[in-house]
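Now for the letters of each chain:
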Amino acid sequence: AFALSTRVNDGVVAVSTSLTQLLSAREVTGVLAHEFAHLRHRDSALSLSAGTFVHGISAISTVFSFLLVLLSLTGGLPVDGSLLPTVLLVVAAPYVARALQAGLMRTRERLADETAARLTGDPRGLVSALVKLERYNRYLRGLFRRFRFLYTTETDGGPGWLRTHPPTEERVENLLRYESRTVVHPALRTA
């Protein structure tokens, strides 16, 4: 499932058929509330802005890298230790920008989880969905590993500091902590 919106009061939430088959109605409600929270907080626009920032920093870094190499090769710059801080800055800038973007997105995911718990009054619905989806993703990763010779993309999301979503365990802990402060809607108690 995902939410997309670029304007206020205008957005779309998409849900795969597989998600509705895998999850119970209570779990789907939690996932939808999470996605509607992204719409409410205008996370699509924020994500687009952050992505544009990261791509801009990467492009500028590439241009500066090219210029530094070109000037060094033509004798325009000394090839000694005096350029080391500049080189490190140019090389590190895209990674720092990407880490900041990922940290921002993880914060927005936590906010969407909390908002979903508040909207439904049922943090355990989303917890159950997250746990089930995590198990399903582990199963798929294992399946993909068996057929790794067929594809070239990495299925694991890279280092934690570059991931856009907090670990499932952390999200579950946060939602369960939030549960003690939440009043469950009577219709959801039996679901």
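Above this text is the structure in question.
For clarity, every value in this text was computed on a predicted model and none was experimentally measured.

Undergrad: Give me the lowdown on the environment of V91, citing residues and values where you can.
TA: Along the polypeptide, V91 turns up in helix α4 (residues 84-120). Separated by 27 residues in the primary sequence, V91 and F64 have C-alpha atoms spaced 9.4 Å apart.

Undergrad: Describe the pairing of strand β2 (residues 10-14), with residues and values.
TA: For a regular strand, side chains alternate in direction, first toward one face of the sheet and then toward the other. Pairing of strand β1 (residues 2-7) with β2, which is carried by four bridges, proceeds in the antiparallel orientation. In the sheet register, F2 faces β2, and the bridge partner there is A14. In this antiparallel pair of consecutive strands, β1 and β2, the connection spans two residues, and N9 shows a positive phi of 60°.

Undergrad: Talk me through the nonpolar core; I want residue IDs and the actual numbers.
TA: Of all hydrophobic cores here, the largest spans 14 residues; its most connected members are L23, V31, L126 and L175. With four residues, helix α5 (residues 123-146) is the largest single contributor of residues to this core. In this view, V31 contacts A1, L19, L23, L126 and A129; residues no more than four positions away in its chain are not counted.

Undergrad: Give a description of the packing of α5 against helix α6 (residues 168-179) that names residues and reports values.
TA: The angle between the axes and the distance between the axes are what describe a pair of packed helices. Contact geometry for α5 and α6: axes closest at 9 Å, N-to-C directions at 170°. Comparing their axes, α6 and α5 come out roughly antiparallel. For the pair α5 and α6, the sense of crossing is left-handed. Note on element contacts: α6 touches α5 through T168, E169, R171, V172, L175, L176, Y178 and E179, opposite P123, R124, L126, V127, L130, V131, E134 and R138. Across the contact of α5 with α6, the residue classes break down as nine nonpolar, one polar and six charged.

Calculation notes
Residues numbered from 1 in each chain as written. Predicted model: local features only at pLDDT ≥ 70, side-chain atom pairs only at ≥ 80, totals over all residues. Heavy atoms only, no water. Helix = DSSP H or I, 4+ residues; strand = E, 2+ residues; numbered from the N terminus. Pairing = 2+ DSSP bridges. Core = buried A, V, L, I, M, F, W, Y, C linked by side-chain atoms within 4.5 Å. Buried < 20%, exposed > 50% of the residue type's maximum accessible area, 1.4 Å probe, protein only. Contact = heavy atoms within 4.5 Å. Axes fitted to C-alpha atoms, helices over the stretch in contact; angles between N-to-C directions. Parallel < 35°, antiparallel > 145°, perpendicular 65-115°, else oblique. Left-handed = near helix turned anticlockwise from the far one by under 90°. Nonpolar A, V, L, I, M, F, W, Y, C, P; charged D, E, K, R; others polar.

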